[in-house]
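The lines below spell out each chain.
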Amino acid sequence: MAGTFVITKDRRGEFRFKLVASNGQTIAISEGYTTKAACVNGIDSVRKNAPEAAVEDHTLAAV
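Residues numbered from 1 in each chain as written. Predicted model: local features only at pLDDT ≥ 70, side-chain atom pairs only at ≥ 80, totals over all residues. Heavy atoms only, no water.

**Details of the environment of Phe-15**
For step 1, the next point in the chain: By the secondary structure assignment, Phe-15 is in strand S2 (residues 15-20).
For step 2, the next point in the chain: By relative accessible area, Phe-15 is classed as buried at 15%.
For step 3, the next point in the chain: Residues contacting Phe-15, with those up to four places away along its chain left out, are Ile-7, Thr-8, Lys-9, Glu-31, Gly-32, Tyr-33, Thr-34, Thr-35, Lys-36 and Cys-39. (Helix = DSSP H or I, 4+ residues; strand = E, 2+ residues; numbered from the N terminus. Buried < 20%, exposed > 50% of the residue type's maximum accessible area, 1.4 Å probe, protein only. Contact = heavy atoms within 4.5 Å.)

Below you can see the structure in the form of structure tokens.
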């Protein structure tokens, strides 16, 4: 089963989404959005732009 995007509203009234894995673990939490429509657009953006996203490791020391 694929992960699930869950939309919530925080204490400040902002909409956020979290990506939850099939085992129930939260993988990512978004920034706050002022409207639900903007939150849904954020989900659509993740779906569109990240299916094969590269990983940049910034923890490596410069040599």
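**Observations regarding the pairing of S2**
For step 1, the next point in the chain: Pairing between strand S1 (residues 4-9) and S2: six bridges, direction antiparallel. The residue of S2 that forms the bridge with Thr-8 is Arg-16.
For step 2, the next point in the chain: With antiparallel pairing between neighbouring strands as the criterion, S1 and S2 make up a hairpin whose turn holds five residues, including Gly-13 at a positive phi of roughly 85°.
For step 3, the next point in the chain: Here S2 runs beside strand S3 (residues 26-29); their pairing, made up of three bridges, is antiparallel. Its bridge partner being in S3, Leu-19 is matched across the sheet by Ala-28.
For step 4, the next point in the chain: The antiparallel hairpin formed by S2 and S3 contains five residues in its connecting segment, where Gly-24 sits at a positive phi of about 95°. (Pairing = 2+ DSSP bridges.)

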